[in-house]
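# Examining the three-dimensional arrangement
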Amino acid sequence: MSCTAPLTVLGDYGMDEKTVCIHPNDGFDLGLMTTEHVVRIHVGEAPNPAGLSDDAWIYGKIHLKNDVRNGHVELGLKSAERLRGAKRAVVHFEKGDRYGTLLITPA
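Definitions and limits used
Position labels on residues start from 1 in each chain and follow its written sequence. Confidence filtering applies because this is a predicted model: local features only for residues at pLDDT of at least 70, side-chain atom pairs given and counted only at 80 or more, and all residues used for totals across whole chains, interfaces and linings. Water and hydrogen atoms were dropped before computing side-chain values, which therefore reflect all heavy atoms in the structure. Working definition: helices are DSSP H or I runs of at least four residues, strands are E runs of at least two. Numbering for both runs from the N terminus. Note on method: radius of gyration uses C-alpha positions; expected globular size equals 2.2 Å times residues raised to 0.38. Working definition: with a 1.4 Å probe on protein chains only, accessible area under 20% of the residue-type maximum means buried, over 50% means exposed, and in between means partly exposed. Note on definitions: a residue-residue contact is assigned when non-hydrogen atoms from the two residues lie within 4.5 Å. Under the convention used here, a 1.4 Å probe and the Shrake-Rupley method define accessible areas, while residue burial counts only the protein chains that appear. For this count, His and the chain ends are skipped, Lys and Arg are scored as positive, and Asp and Glu as negative. In plain terms, the charge of a residue is placed at NZ if it is Lys, CZ if Arg, CG if Asp and CD if Glu. Put simply, a salt bridge is a Lys or Arg side-chain nitrogen that is within 4 Å of an Asp or Glu carboxyl oxygen. Here a polar contact is recorded for every N or O atom pair within 3.5 Å, except that within protein the pair must consist of a potential hydrogen donor and a potential acceptor, and residues adjacent in sequence are included only if both atoms are side-chain atoms. Patch criteria: residues need more than 30% relative accessible area and no salt bridge. Like-charged residues are merged within 9 Å; nonpolar side chains of Val, Leu, Ile, Met, Phe, Trp and Tyr are merged within 5 Å. Joining through side-chain atoms within 4.5 Å is the link that ties buried Ala, Val, Leu, Ile, Met, Phe, Trp, Tyr and Cys residues into a set, and such a set is a nonpolar core.

When its secondary structure is counted, the protein chain shows 2 helices and 8 strands. The N-to-C order of helical and strand elements in the protein chain reads β-β-β-α-β-β-β-α-β-β. At 12 Å, the protein chain has a C-alpha radius of gyration in line with the 13 Å of a compact globule built from 107 residues. Based on the C-alpha atoms only, the size of the protein chain along its principal axes is roughly 35 × 30 × 25 Å. Taking all 107 residues of the protein chain together, the buried fraction comes to 42%. By sequence separation, contacts in the protein chain at least 24 residues apart represent 72% of the contacts at least 6 residues apart. Surface accessibility of the protein chain: about 6,200 Å² in total, with carbon and sulfur atoms responsible for 47%. Here the protein chain contributes 12 positively and 14 negatively charged side chains, and the mean placements of these two sets differ by 2 Å.

And the structure:
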């Protein structure tokens, strides 16, 4: 599973919980090359991601946008609240057969 350095969390009113936006350079750290990917997303503490139930995951998209500053991750407010006030988070990505897995944990 590849991961980014700790990124600054930005909560956005205009985004839903199924959308994550990062800068393309941070996406490169995850091995992502194209601008949009459909992924399974979990935001919050996850000591063992394999042990999470299917209800803990949501399907959404990660967007690589130049509009997002390098070193930042943009989340919807509902997702940002799941980080329990953490100002920084680490984004983990694992390729899957059909959909990738995106795990966002407090740093």
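Back to the write-up after that little detour.
On to the pattern of salt bridges, then. Counted under the stated rule, the structure contains 3 salt bridges. Notably, a salt bridge pairs E17 with R82, separated by 2.7 Å at the nearest N-O pair. Of this pair, E17 sits in the loop between β2 (7–12) and β3 (19–22) while R82 sits in the loop between α2 (77–81) and β7 (88–94), and the two are 65 residues apart along the sequence. A relative accessible area of 33% means that R82 is categorised as partly exposed. In this structure, E36 and K61 form a salt bridge, with 3.0 Å as the shortest nitrogen-oxygen distance. Residue E36 is found in strand β4 (residues 36–43), and its partner K61 is found in strand β5 (residues 58–64); the two are separated by 25 residues along the sequence. Relative accessible area serves as the criterion here: at 39%, E36 is assigned to the partly exposed category. Each of E17, K78 and R82 takes part in salt bridges that share partners, so that together they form one network.

Moving on, we get to the side chain of H42. Among the secondary structure elements, H42 is positioned in strand β4. By relative accessible area, which is 10% here, H42 ends up buried. A distance of 3.0 Å separates a polar atom in the side chain of H42 from the backbone oxygen of A56. If sequence neighbours within four positions are ignored, H42 has contacts with L52, A56, W57, L102, L103 and I104.

With that settled, consider a nonpolar patch on the surface. A cluster of nonpolar residues, V38, Y59 and Y99, forms a patch on the protein surface that exposes about 270 Å² of accessible area. A relative accessible area of 40% places V38 in the partly exposed class.

With that settled, the discussion passes to the nonpolar core. V20, I22, V73, L102 and I104 are the most contacted members of the largest nonpolar core, which totals 20 residues. Listing elements by their share of this core, those giving two or more residues are β2, β3, β4, β5, β6 (72–76), β7 and β8 (100–106). Contacts of V20, omitting those with residues within four sequence positions, involve M15, I41, K61, I62, H63, V73, E74, L75, L102 and I104.

From the geometry alone we can't say anything about function, so treat these as descriptive.
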